Amino acid sequence: DTAVSQTPKYLVTQMGNDKSIKCEQNLGHDTMYWYKQDSKKFLKIMFSYNNKELIINETVPNRFSPKSPDKAHLNLHINSLELGDSAVYFCASSQVQASEQYFGPGTRLTVT
Amino acid sequence: AQSVSQHNHHVILSEAASLELGCNYSYGGTVNLFWYVQYPGQHLQLLLKYFSGDPLVKGIKGFEAEFIKSKFSFNLRKPSVQWSDTAEYFCAVNARGYQKVTFGTGTKLQVIP
């Protein structure tokens, strides 16, 4: 059983489009995260939710909007995609905030 | 604010060589420390963690790390690397009371058979 799953694994789209990435965890964790990993492998946190409540909202454009319908799911919606949004987006979860994290397989987003 | 630095960006070793990857953090208070590994094309996995207690922490796959508070360091070690250890290694820190885990910029390890 996959602990943290993301869909889709690959996403190729054009500038200006709107897209969503879905994340689900079956670990029973209370906290979920979205990270962006750029081409240099730098990993930067974007958002964190604890039991459906937004805890961390880093300086990301408001074109990015997370949604947590329940504590097992954290989706990421991106409006008006730009070239600079191309990256690998990782979802993660942890039992409590800022403890050891379990990462999903990543979604490679390519904006053309 | 917490921060973490990994000074080795790219390390190349031959199989059976010993490994030490540096990690330094900046925060004056109590911290939780982590090492994660990302194999090519895969997601990050936890190698080991330090919260409290024995500063020498053993992780999976023969890795260990030592927390030296006076040096603000948490270096990763392995006595004998294998080709399968080729990966990107990330150190991460969480300052107690902060809600965020901050990752270092990663060290790419390449092991030559």
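Residues numbered from 1 in each chain as written. Chains lettered and ligands numbered in written order. Predicted model: local features only at pLDDT ≥ 70, side-chain atom pairs only at ≥ 80, totals over all residues. Heavy atoms only, no water.

### Notes on the pattern of salt bridges
Applying the stated criterion across every chain yields a total of nine salt bridges over all chains. A:Glu100 is paired through a salt bridge with B:Lys49; the nearest N and O atoms lie 2.0 Å apart. You can see A:Glu100 sitting in the loop between strand E9 (87–94) and strand E10 (102–103) and its partner B:Lys49 sitting in strand E6 (residues 44–50), one on each of two chains. In this structure, B:Asp85 and B:Lys78 form a salt bridge, with 2.9 Å as the shortest nitrogen-oxygen distance. For B:Lys78, a relative accessible area of 7% translates into the label buried. Members of the salt-bridge network, linked through shared partners, are B:Lys58, B:Glu64, B:Glu66 and B:Arg77. (Salt bridge = Lys/Arg side-chain N within 4 Å of Asp/Glu carboxyl O. Helix = DSSP H or I, 4+ residues; strand = E, 2+ residues; numbered from the N terminus. Buried < 20%, exposed > 50% of the residue type's maximum accessible area, 1.4 Å probe, protein only.)

### Looking at the interface of chain A and chain B
Taken together, the contact between chain A and chain B spans 18 residues of the former and 18 residues of the latter. Interface area for chain A against chain B, summed over the two sides, is near 1,600 Å², with a carbon-plus-sulfur share of 59%. The largest share of the area that chain A buries against chain B comes from A:Ala98, A:Glu100 and A:Phe103, three residues that together contribute 32% of it. Here chain A is connected to chain B by five residue pairs in polar contact (both at pLDDT 80 or more). Counting residues per element, the ones that place at least two in the side of chain A that touches chain B are strand E4 (31–37), strand E5 (43–50) and strand E6 (53–57) of chain A. Broken down by class, the residue content of the side of chain A that touches chain B amounts to ten nonpolar, five polar and three charged. (Contact = heavy atoms within 4.5 Å. Buried area = accessible area lost by both parts, 1.4 Å probe. Polar contact = N/O pair within 3.5 Å; in protein donor to acceptor, adjacent residues only side chain to side chain. Nonpolar A, V, L, I, M, F, W, Y, C, P; charged D, E, K, R; others polar.)

### Quick look at the side chain of A:Ser68
All names here are of chain A. Position of Ser-68 relative to the elements: it lies in strand E7 (residues 64–70). At 3.1 Å, the side chain of Ser-68 forms a polar contact with the backbone oxygen of Asp-70. A distance of 3.0 Å separates a polar atom in the side chain of Ser-68 from the backbone oxygen of His-73. Discounting chain neighbours no more than four positions away, the residues touching Ser-68 are Tyr-49, Lys-52, His-73 and Leu-74.

### Remarks on the sheet that holds strand E8 (residues 73–78) of chain A
All names here are of chain A. On the basis of which strands lie adjacent, the open sheet formed by four strands has the order E1-E3-E8-E7 and antiparallel pairing. Each edge of the sheet is formed by a strand with only one pairing partner; in this case those strands are strand E1 (4–7) and E7. Looking at each pair of strands side by side, their axes are set apart by 20° on average, direction ignored. Pairing of E7 with E8, which is carried by five bridges, proceeds in the antiparallel orientation. (Pairing = 2+ DSSP bridges. Axes fitted to C-alpha atoms, helices over the stretch in contact; angles between N-to-C directions.)

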